[in-house]
Amino acid sequence: MKHSGLLIILLFLACQGICQPVSSASPVIIGTKHRIKSAILNEEREFWVSLPPGYSSAKYAPAKYPVLYLFDGDANFHSVTGIVQSLANGPYSKVPQIIVVGILNTDRTRDLTPTAASREAYFDKSVPLFKNSGGNAQFIRFLEKELIPHIDSSYRTDNYKILTGHSFGGLTAVNILLSHTNLFNAYIAIDPSMWWDNNFLLKRADSLLNSEDFTGVSLFAARAYKEIIPQDTATDMPRSNIAFHKLLDKYHPKNLNWKHQYYPDDDHGTISVPATYDALKFIFRQHRIHVKQAVNDPSIVQKSFHRLSDELHHPFHPSEAWLDWMGSYCLSIGKTDAASAFFKMAAELYPDSPGINRYRTR
């Protein structure tokens, strides 16, 4: 009985400890909200920013980062920042650390459509849709002249820019690819509304994809599954995207680094997450390093990043944090020559690092 009584007391005390409210709780922050006054659009625009985990690190030299600009920022910010951090995390990272900028809407149809056009609602032919459309040119000017310069002046960016958009956002991504090709380095067009205004951009693509030089530009085009239901028998979305993919196959645009992919298990509403994941892996496919191979031959790191830089026409280097981890890991398993090689790379690439003396003495 004495033991039973003691057990009851211990269980009670344990429960008291478990049931006490946690007083040291703190929020998990994935980004910050900002506003910019646009003279071009004559309105205030909101955007959200997510910085890489090591952006403010005091341990390593201040680095510069690629920027991913995201349309429909409020709807997609959480998923895209999660995808980016997952792919960029750890020694087996598949993409570099990336700054994410989510652009919120004020008038989505106005900003993300290239021409003034409307259509009848499928549920009522007397109801016009998309009346306030065709403001894409002004919106692109806002991106080029106001938002991008503001981001570049506010954050450490490395001038490699990715644009991703879904539906009307994908339409805008294709429009910028065709009309302002070098505004971004890479474009992710997710189930774009290529049907817009009687296939307006599809017709432009038929001309420009066969004549323009897309050196240094990447494109990932994603197409969703379309389920035909009685309430909506329209097939213009899948037909226009199939036609767009066929144009890429037909012309193999000059020097364009491209891929298109069909998602039979995802419809227009669910395609964004898998397509964003696949697109980033495609764009940075030379980024991944096989750690076990690199331990035995550190030179493959330099070779891989040279291929990445050559393919994307932009200089990329392994991060200082990654090189430090690799060097420390090699030391822990007795690979001192490999460790020295990684620390030497870190010292050469990041001469202003707080750890520069540590690298030189190892």
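See the structure printed just above.
Below or above, wherever it landed, is the structure these notes cover. Just so you know, these numbers come straight off a predicted model, no measurement behind them.

**Here we look at the overall build of the chain**
Next up, step 1: Helix and strand counts for the chain stand at 13 helices and ten strands.
Next up, step 2: The proportion of buried residues among the 362 residues of the chain is 48%.
Next up, step 3: A total of about 18,300 Å² of accessible surface is found on the chain, and carbon and sulfur atoms cover 53% of it.

**Things to note about the pattern of salt bridges**
Next up, step 1: Inspection of every chain in the model, using the stated rule, returns nine salt bridges.
Next up, step 2: In this structure, the salt-bridge partner of Asp324 is Lys59, at a minimum N-O distance of 3.8 Å. Here the residue Asp324 occupies a position in helix H11 (residues 320–332), and Lys59 occupies one in the loop between strand E2 (43–50) and strand E3 (65–70), the gap between them amounting to 265 residues.
Next up, step 3: A relative accessible area of 4% places Asp324 in the buried class.
Next up, step 4: Salt bridges sharing partners connect three or more residues here, namely Glu43, Arg45, Arg110 and Asp111.

**Digging into helix H12 (residues 336–349)**
Next up, step 1: Along its 14 residues, H12 runs 20 Å from first to last C-alpha, staying within 8% of the 20 Å computed at 1.5 Å per residue.
Next up, step 2: Within the sequence span of H12, burial applies to Ala338, Ala339, Phe342, Phe343, Met345, Ala346 and Ala347.
Next up, step 3: Contacts from the buried residues of H12 go to helix H9 (291–296), helix H10 (299–312), H11 and helix H13 (356–361).

**Quick look at empty space enclosed by the protein**
Next up, step 1: In the structure shown here, the tally under the stated rule is one cavity of 30 Å³ or more.
Next up, step 2: Taken as a whole, the largest cavity encloses approximately 90 Å³ of empty space.
Next up, step 3: Along the wall of the largest cavity there are 14 residues; nearest its centre are Leu70, Asn76, Val80, Ser272 and Thr276.
Next up, step 4: Listed by contribution, the elements that provide at least two residues to the lining of the largest cavity are helix H2 (73–88), strand E7 (157–166) and helix H8 (272–283).

**Notes on the sheet that holds strand E10 (residues 257–263)**
What links the strands of a sheet is backbone hydrogen bonding, and the strands pair in either a parallel or an antiparallel sense.
Next up, step 1: Taken in spatial order, the eight strands line up as E1-E2-E4-E3-E7-E8-E9-E10 in an open sheet, and their pairing is mixed. Edge positions in the sheet fall to strand E1 (32–38) and E10, since each has one partner strand and no second. Neighbouring strand axes in the sheet, compared pairwise and without regard to direction, differ in orientation by 20° on average.
Next up, step 2: Where E3 and strand E4 (residues 99–103) come together, four bridges link them in parallel fashion. Bridge pairing in E4 places Tyr69 opposite Val101.

**Re a nonpolar patch on the surface**
Next up, step 1: Among the surface-exposed residues, Trp325, Tyr329 and Ile333 lie close enough to one another that they form a single nonpolar patch of about 270 Å² accessible area.
Next up, step 2: Within the element layout of this structure, Trp325 appears in helix H11.
Next up, step 3: Residue Trp325 is classed as partly exposed on the basis of its relative accessible area, which comes to 38%.

**A word on the environment of Asp278**
Next up, step 1: Mapped onto the elements of the fold, Asp278 is located in helix H8.
Next up, step 2: Each C-alpha atom of the pair Asp278 and Ile83 lies 10.0 Å from the other, and the pair is 195 residues apart in sequence.
Next up, step 3: Setting aside anything within four residues of it in sequence, one finds Asp278 in contact with Phe220, Gln261 and Tyr263.
Next up, step 4: Side-chain polar atoms of Asp278 contact the side chain of Gln261, separated by 3.2 Å.

**Here's the deal with the pairing of strand E9 (residues 218–224)**
Next up, step 1: Buried residues dominate E9, accounting for seven of its seven residues.
Next up, step 2: Burial along E9 is two-sided: the face carrying Ser218, Phe220, Ala222 and Ala224 and the face carrying Leu219, Ala221 and Arg223 are both buried.
Next up, step 3: Relative to E9, strand E8 (residues 186–190) runs parallel, the two sharing five bridges. Its bridge partner lying in E9, Ile190 is registered against Ala222.
Next up, step 4: Crossover handedness for the path E8 to helix H6 (residues 196–208) to E9: right-handed.

**A closer look at H8**
Every α-helix carries 3.6 residues per turn, so stepping three or four residues along brings you back to the same face.
Next up, step 1: Between its terminal C-alpha atoms H8 stretches 16 Å, which fits the 16 Å expected from twelve residues at 1.5 Å a residue.
Next up, step 2: For H8, the complete set of buried residues consists of Ser272, Ala275, Thr276, Asp278, Ala279, Leu280, Phe282 and Ile283.

**Looking at the pairing of E1**
Next up, step 1: Here E1 runs beside E2; their pairing, made up of seven bridges, is antiparallel. The partner of His34 across the bridge, within E2, is Phe47.
Next up, step 2: Once E1 ends, the chain turns through four residues before running back antiparallel as E2, passing Asn42 with a positive phi of about 55°.

Scoring rules and cut-offs
- Counting from 1, residues in each chain are numbered in the order their sequence is written.
- Thresholds applied to this predicted model are a pLDDT of at least 70 for local features of residues and 80 or more for the giving and counting of side-chain atom pairs; totals over whole chains, interfaces and linings are not thresholded and use all residues.
- Each side-chain value is worked out from all heavy atoms of the structure, with water and hydrogens disregarded.
- Every helix listed is a DSSP run of H or I at least four residues long, and every strand listed is a run of E at least two residues long, numbered separately from the N terminus.
- Categorising residues by exposure relies on relative accessible area from a 1.4 Å probe, with only protein chains included: less than 20% of the type maximum marks a residue as buried, more than 50% marks it as exposed, and the intermediate range marks it as partly exposed.
- Note that accessible areas follow from Shrake-Rupley with a 1.4 Å probe, and for residues the cover is restricted to the protein chains shown.
- A pair is scored as a salt bridge if a Lys or Arg side-chain nitrogen falls within 4 Å of a carboxyl oxygen belonging to Asp or Glu.
- To estimate how far a helix should reach, multiply one less than its number of residues by 1.5 Å.
- The criterion used for residue contact is that any of the two residues' heavy atoms lie within 4.5 Å.
- The way it works is a 1 Å grid over only the protein atoms, where trapped points that fit a 1.4 Å probe form a cavity and open points with protein on both sides within 12 Å along at least five of seven lines form a pocket, and then any residue with an atom within 4 Å of a point lines it.
- Grid points are joined across faces, edges and corners, and a volume is the space filled by probe spheres set on the points.
- Any two strands with at least two DSSP bridges between them are considered paired.
- Axes, fitted as lines to C-alpha atoms, cover a helix only where it is in contact. Angles between the N-to-C directions of the axes lie from 0 to 180 degrees.
- Like charges within 9 Å and nonpolar side chains (Val, Leu, Ile, Met, Phe, Trp, Tyr) within 5 Å are joined into patches, using only residues over 30% in relative accessible area that form no salt bridge.
- Definition of a polar contact: a pair of N or O atoms within 3.5 Å, with one able to donate and the other able to accept a hydrogen when the atoms are protein atoms, and with sequence-neighbouring residues admitted only if both atoms are side-chain atoms.
- For crossovers, right-handed means that the path from the first strand over the helix to the second runs clockwise, given strands pointing away from the viewer.

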